[in-house]
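The lines below spell out each chain.
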Amino acid sequence: MNFAVLVFPGSNCDIDCYKAIEDTIGQPVEYVWHTADDLSKYDCILVPGGFSYGDYLRCGAIAQFTNVMKAVVKAAEEGKYILGVCNGFQVLTEARLLPGALLRNNGMKFRCHQAVLRVENNATPFTSDYAEGELINIPIAHGEGNYYCDEATLKELQENKQIVFRYEAGSNPNGALDDIAGICNKAGNVVGMMPHPERAIHEILGSADGKRMFTSILSTWREKHGAAAIR
Amino acid sequence: MKATVYVTIKQNVLDVQGTAVQGALHTMGFEEVGKVRIGKYLELDLDTTDKAEAEARVKAMCEKLLANTVIEDYRYELA
């Protein structure tokens, strides 16, 4: 299974994503610069965190018009797996691959700490190795992670089980609507989340709970492609 | 021709920056301040003299890039 990690000017979690793929599932992974326009060789595309284009205008606003994002839209339509983390989530909402937007945190603070998430939907390619309702410990690091969408969109997200992760009740760090930490598109192949699973792949980093996101992706892909089961 | 674009957070979306600035103004003694909304002001120099064409293109720029219409409103002036 081939992984791509996109790199925009200002991305800074690209190396973490790359290493996470190497360390957790040992699959081929490559950095792909924002000028690339062909992603056909990749099965999963990671849009990393950071400050693409310096967060100028709005977080993710400028990145959405890069060549590589046109290729990401095409890959999403083809059913490939796309995961946006933090700034990657912001880029995916700006590109309208995911509904809603990320506003500034409601508490005036850049929140940078471990967060307890509830796995609300374990039927996505990204969460199949978790139990539904499982609580996992994944760090957050953002100033603009306050998820917002209008009421009709929220209802749709709830009804279609598109809310993948919620912050544990009472611990919402940023004012996000309905405690939303991560969502997927209707088809389930595009996920965006503010917390950083790539920073939670070893106990020595504070948590290894993020590891199963990567094993989930590989297991689902192998099942779909009839390959041998994950080691 | 010159376009001036104003982008503001929608009225029904919480403007946390505005709220923080309002609090600071109250602390400073400017109690008369009600709601504060913070937005963006953009000046664009346009290489055209056709106002109708400029308007259509500025509108497209706002819809596609300058504003995120999920959370922001925009208005513009052409001169």
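Thresholds, definitions, all that
- Residues numbered from 1 in each chain as written.
- Chains lettered and ligands numbered in written order.
- Predicted model: local features only at pLDDT ≥ 70, side-chain atom pairs only at ≥ 80, totals over all residues.
- Heavy atoms only, no water.
- Pairing = 2+ DSSP bridges.
- Helix = DSSP H or I, 4+ residues; strand = E, 2+ residues; numbered from the N terminus.
- Axes fitted to C-alpha atoms, helices over the stretch in contact; angles between N-to-C directions.
- Contact = heavy atoms within 4.5 Å.
- Phe/Tyr/Trp six-rings, centres within 6.5 Å; stacked < 30°, edge-to-face > 60°.
- Buried < 20%, exposed > 50% of the residue type's maximum accessible area, 1.4 Å probe, protein only.
- Lys NZ or Arg CZ within 6 Å of the ring centre and 35° of its normal.
- Buried area = accessible area lost by both parts, 1.4 Å probe.
- Salt bridge = Lys/Arg side-chain N within 4 Å of Asp/Glu carboxyl O.
- Polar contact = N/O pair within 3.5 Å; in protein donor to acceptor, adjacent residues only side chain to side chain.

Here the focus is the sheet that holds strand β2 (residues 39–45) of chain B. All names here are of chain B. The strand order across the open sheet formed by three strands is β2-β1-β3, and the pairing between neighbours is antiparallel. Whereas interior strands pair on both sides, the edge strands pair on one side only; in this sheet they are β2 and β3 (72–78). Averaged over all adjacent pairs, the angle separating strand axes in this sheet is 20 degrees, with direction ignored. Strands β1 (2–9), β2 and β3 of the sheet are contacted by helix α2 (residues 51–66), whose axis makes an angle of about 155 degrees with β3.

Moving on to the packing of aromatic side chains. Under the counting rule described, the total for this entry stands at five aromatic pairs over all chains. Residues Tyr81 of chain A and Phe126 of chain A carry aromatic rings whose centres are separated by 6.0 Å and whose planes lie at 70 degrees to one another, so their mutual orientation is edge-to-face. You can see Tyr81 of chain A sitting in strand β4 (residues 81–85) and its partner Phe126 of chain A sitting in the loop between β6 (111–119) and β7 (135–142), a full 45 residues away along the chain. The pair Tyr81 of chain A / Phe126 of chain A is uniform in exposure class, with both members buried. Cation over ring: Arg75 of chain B sits above Tyr6 of chain B, and NZ or CZ is 4.2 Å from the ring centre.

All names here are of chain A. Along the chain, Cys149 turns up in the loop between β8 (146–148) and α4 (151–159). As a C-alpha pair, Cys149 and Gly50 span 99 residues in sequence and 23 Å in three-dimensional space. Dropping the residues within four chain positions of it, Cys149 is found in contact with Gly100, Leu154, Leu157 and Leu177.

With that out of the way, let us pick up the interface of chain A and chain B. With 15 residues of chain A in contact, the opposing surface of chain B contributes 17 residues. Carbon and sulfur atoms make up 65% of the area that chain A and chain B hide from each other, which totals about 1,400 Å². Contact with chain B buries surface across chain A, with Leu57, Arg58 and Tyr148 of chain A losing the most and accounting together for 38% of the total. Across the salt bridge formed by Arg58 of chain A and Glu72 of chain B, the nearest N and O atoms sit 3.7 Å from each other. Joining chain A to chain B, the criterion identifies five residue pairs in polar contact (both at pLDDT 80 or more).

Geometric values such as these leave the question of function open.
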